[in-house]
Every structure is written in C-alpha cells, then in structure tokens.
Amino acid sequence: MEENQKMNVVVLGISGAGKSTLIKSISGNEIVTGIGEGQTQRVDVYESSTWPIRCIDTKGFEYSLLEQWKTIRQVKKYSKKQFNDTGIDVVWYCIEGTSGRAFSHNIELMNKAIKNWKNIPVFAIITKSYSEKDIPKNIKAVEESFSKSKGINLKGIIPIIAEEYIINDETSVAPYGIEELCLKTIDCLDEAKVINKSNRDRMVLGQKRFTANTLVASASASAGIIGAVPIVNFSDSVLLTPLEIGMVKKIFKIYGVETSKDLIVSLVGSTMITNIAKSIVKLVPLAGTVANSVVATAIVYALGEAVILASEGVYKGTIDPTKIEEFTSFITNKVKDNVVIKATTSYFEKNMDKLKDKNPKEIFKEIMNSVQVKSK
Ligand SMILES: Nc1nc2c(ncn2[C@@H]2O[C@H](COP(=O)(O)OP(=O)(O)OP(=O)(O)O)[C@@H](O)[C@H]2O)c(=O)[nH]1
Ligand SMILES: [Mg+2]
C-alpha cells in the first residue's frame, strides 16, 4: 500500500444490519459522492480523514435479488471509473448480532453478491454486539456458516458496537471494535507495513477521540435536559451524577483506562467542579432553569473533554492513573481551564438580562460558536 492511497471498502448486509451506522462511526467520514438513482439503488461513498479508507455504503440487499444485483453493478462500474481500476479492495459484511437471524442464509446471499470480485478479502462484522455474553456464541455461528460457503476469503470475524447503545437513563454500552476492524482492514493492503507504527497509533487515537467526542456530545445534551429541572444553586447537582459517572466510565473504557468506581465517584462529586458550576450560576440573579441547563451542559462537556485528555495521557503512558490524587487534580484543573467554561462565564456576564428570552440549546450553541471562532 502506498502512502496516501485509500482502500475501497464496500459495506454489504441486509437492511437494518447497521451498515450506515458503522460508516458514520468511522472518524472523519465525509460523504464524497452519491451514485445511482432513487433510494434503493443509491450508493453513497464516504472518505475517512483518519484512516486510509473509503467506504461505499449500499442499501440492504433484501429488497430483491434484482435490486441487489443492480447495486453491485453500480458499485463495480463506479469503482472502475473512479479509483483507477483498483476496484474494491475489501468487503465488510455486516451481520446483526442481536437478531439471531439466519446467518447461513445471509452469508449465502452475500456470497452470491460478491462472486464477481474474486478472492476479495471479507470481514464478517457482527454488528450491535451489545451483549458480551452472546459474542462467543455469535462468532461460532458465523464461523460455521462461512465454513459451509466455499470460496470466501474470510479475513476475520469482528464484533462491534458502532454507536452507544442506551438501555435506560443510567445505563448504556460504549462503542467498541472499530479500531480493530480498521487496523485489520488496512493490513489487507499494507503487507509491507508502509504505514508505520506511529501512524497507526495516531489513527487509533484519532478514532478513539472521535468516538469519545460523540459520547460527550450526547451526555452534555442530556445534561441540558436534566439541568432544566430547577436545581437550586447546584448544591443539588447530584441529579447529574449518574449521567456523569456513565460518561466517565465509557470514556475510560474506550481508552482501556482501569480505575476504581471510587475514583470516578470522587471525581464526579469533586467540590471544585460543583463550585465552578455554582460560581457561574451565581452570576445571574434569579438564575432559573435556563441558566442551570446551560451550565449543566457546559460542565458535563468540560468534564468529558478533561477525561478524554487524561485518558489519552494514560494511553500514551504520560499519566499514571494509579496516582489517584495527581490523576484527579489533572482532570479537575482541565475542567477549570476549559475554554467552554470560560466562554460560558463571559456569556453570562455579558448577556445576563437576555437569558430568559432564549432557550438553553440556542445559548450553548452560541457559546460553542464563540469558542470556535476564537480558536481559529
Ligand atoms: N445503538 C446502536 N444502534 C445501532 C447500531 N447499529 C445499528 N443501529 C440501529 O439499527 C438501525 C439500522 O441501522 P442502519 O445503520 O440504518 O442499517 P443499514 O444496514 O444501513 O440499513 P439499510 O440502509 O436499510 O440497508 C438503526 O436504527 C440504527 O440506529 C449500534 O451500533 N448501536
Ligand atoms: Mg443504510
């Protein structure tokens, strides 16, 4: 594989298997083009800015064999024209892990679909692998189904969760498996290891950061909703605690940071963080739910960013999570110095009187915009 070269990965699987969700979870994936007409035949092509990968999203092929055939033809035609005849390098075949749906039948279908691409490396991806307990069983079932289907160059069976799976207000499962899938995929073309270790590490960290950012975005949005319930002066910010604990745990999981529950609880309950929240809310006389909501969003956002920075440090070996005091003060200091916290404070100072007429989401958006403008 030459440097700067992108691999063409076609993503197949029946409707609802999770193809589009998987593609969306790959960091920096931007749509570059859509090919074909109509809804069922349309094929969208995405390019990752982190990985040397270009994903071709197809529509689920249970619509009909004819539609399936048309889709494959479109992709082939397109890839010939567009990618200097390199065509398709790898197939990602998505099989839903939760459904227990007939793996064998699906694999036969796919086998028919790809027989025009001789010897193409295939990864079987068990999507929606929410239940750890089911993973070995699913891998075995997929293995067995493939062993019945001849002539497939199966390179691996990889369970993933592409997007956080929310069970209830307090419980959700963090995404995983994307880095493994992408690393193994690039290895299919990069036997000479042109992409060296440090570049691979950079890609893995880029992916982890992207996944963690999506968790922080969803947790801070939820915090805004919780914060809209009147919280007197944040002395009672305990309402946010389960959400914060969940977010911190998931970020640590993404980076493989091992810590105790005690550490997370003390971090989230840190008086320093509560005091930051209180001091911002205090700026507004009769603060009310709008201010509380914005502050809750900002605090959870800042906490998330700080935990990401700390986790990256642990991952790179520059921070030791077993030195609890240092570790927690690293995080609380990062919260205090967070640009969004500073921007929230100055927004409140300047717009005190206008707060009641706006909704918290709008305000937070304005705050984020002001930060982005400044950092440019
Ligand atoms: N929480 C969560 N939901 C997922 C995940 N993967 C898929 N889903 C959900 O499953 C449904 C189907 O996923 P899609 O990615 O649209 O499936 P698809 O394979 O692109 O389906 P077609 O485009 O119809 O062929 C959506 O509601 C997704 O949100 C996942 O990793 N986590
Ligand atoms: Mg789709």
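These figures come from a predicted structure and were not determined experimentally.

**A short note on the overall build of the chain**
Alright, step 1. A count of helices and strands for the chain gives 13 helices and 9 strands.
Alright, step 2. Split into buried and exposed, the 376 residues of the chain put 40% on the buried side.
Alright, step 3. Within the chain, contacts between residues separated by at least 24 positions form 74% of all contacts whose residues are at least 6 apart in sequence.

**Notes on the packing of helix α7 (residues 241-255) against helix α8 (residues 261-268)**
Alright, step 1. Following both chains from N to C, one finds α7 and α8 inclined at 130 degrees, their axes separated by 10 Å at the closest point. Taken as axis vectors, α7 and α8 run oblique relative to one another. Seen from above, α7 lies across α8 with right-handed handedness. Between α7 and α8, the contacting residues are Thr-241, Glu-244, Ile-245, Val-248 and Lys-249 on the first element and Ile-264, Val-265, Leu-267 and Val-268 on the second.

**Some points on the site of ligand 1**
Alright, step 1. Close contacts around ligand 1 come from 16 residues, with Gly-18, Lys-19, Ser-20, Thr-21 and Gly-60 the closest.
Alright, step 2. At 3 residues, helix α1 (residues 19-24) tops the list of elements feeding residues into the shell around ligand 1.
Alright, step 3. In terms of residue class, the shell around ligand 1 is built from 4 nonpolar, 8 polar and 4 charged.

**Side note on the pairing of strand β7 (residues 153-159)**
Alright, step 1. Bridging between strand β6 (residues 121-127) and β7 involves 6 bridges; their strand directions are parallel. Within β7, the residue paired with Ala-124 across the bridge is Ile-157.

**Regarding the pairing of β6**
Alright, step 1. Across the 7 residues that make up β6, a large majority, 7, are buried.
Alright, step 2. Here β6 shows two buried faces, one formed by Pro-121, Phe-123, Ile-125 and Thr-127 and the other by Val-122, Ala-124 and Ile-126.
Alright, step 3. Pairing between strand β5 (residues 90-96) and β6: 6 bridges, direction parallel. Note that in β6 the partner of Tyr-93 across the bridge is Ala-124.
Alright, step 4. The parallel pair β6 and β7 is bridged by helix α4 (residues 135-148), and the resulting crossover is right-handed.

**A closer look at helix α5 (residues 178-189)**
Each α-helix turn comprises 3.6 residues. Residues three or four places apart therefore point the same way.
Alright, step 1. Between its terminal C-alpha atoms α5 stretches 18 Å, which fits the 16 Å expected from 12 residues at 1.5 Å a residue.
Alright, step 2. If you check which residues of α5 are buried, you get Ile-178, Glu-179, Leu-181, Cys-182, Thr-185, Ile-186 and Leu-189. Viewed end-on, α5 has its buried residues packed into an arc of 160 degrees, placing them on one side of the element.
Alright, step 3. Along its buried surface, α5 packs onto β1 (7-12), β4 (53-57), β5, β6, β7 and α6 (197-227).

**Some points on the packing of α6 against helix α10 (residues 288-316)**
Alright, step 1. Axis separation between α6 and α10 bottoms out at 8 Å; the angle between their running directions is 160 degrees. Taken together, the axes of α6 and α10 lie roughly antiparallel to each other. For the element pair α6 and α10, the recorded crossing hand is right-handed. Where α6 abuts α10, its residues Leu-205, Arg-209, Ala-212, Val-216, Ala-219, Ser-220, Ala-223, Gly-224, Ile-226 and Gly-227 lie against Asn-292, Ser-293, Val-295, Ala-296, Thr-297, Val-300, Tyr-301, Gly-304, Glu-305, Ile-308, Glu-312 and Tyr-315.

**A closer look at unusual backbone geometry**
Alright, step 1. One non-glycine residue, Lys-128, adopts positive backbone phi at about 55 degrees.
Alright, step 2. Residue position: Lys-128 is located in the loop between β6 and α4.
Alright, step 3. At Lys-193, a position not held by glycine, the phi torsion is positive, near 55 degrees.
Alright, step 4. Tracing the backbone shows Lys-193 in the loop between α5 and α6.
Alright, step 5. On the neighbour-count criterion, Lys-193 (12 C-beta atoms within 10 Å) is exposed.

Reading guide: rules and limits
- Residues numbered from 1 in each chain as written.
- Chains lettered and ligands numbered in written order.
- Predicted model: local features only at pLDDT ≥ 70, side-chain atom pairs only at ≥ 80, totals over all residues.
- Helix = DSSP H or I, 4+ residues; strand = E, 2+ residues; numbered from the N terminus.
- Buried ≥ 20, exposed ≤ 12 C-beta atoms within 10 Å, placed from the backbone.
- Contact = placed C-beta atoms within 7 Å.
- Axes fitted to C-alpha atoms, helices over the stretch in contact; angles between N-to-C directions.
- Parallel < 35°, antiparallel > 145°, perpendicular 65-115°, else oblique.
- Left-handed = near helix turned anticlockwise from the far one by under 90°.
- Near = placed C-beta within 6 Å.
- Nonpolar A, V, L, I, M, F, W, Y, C, P; charged D, E, K, R; others polar.
- Pairing = 2+ DSSP bridges.
- Right-handed = clockwise from strand over helix to strand, strands pointing away.
- Expected span 1.5 Å × (residues − 1).
- Arc of directions from axis to C-beta.

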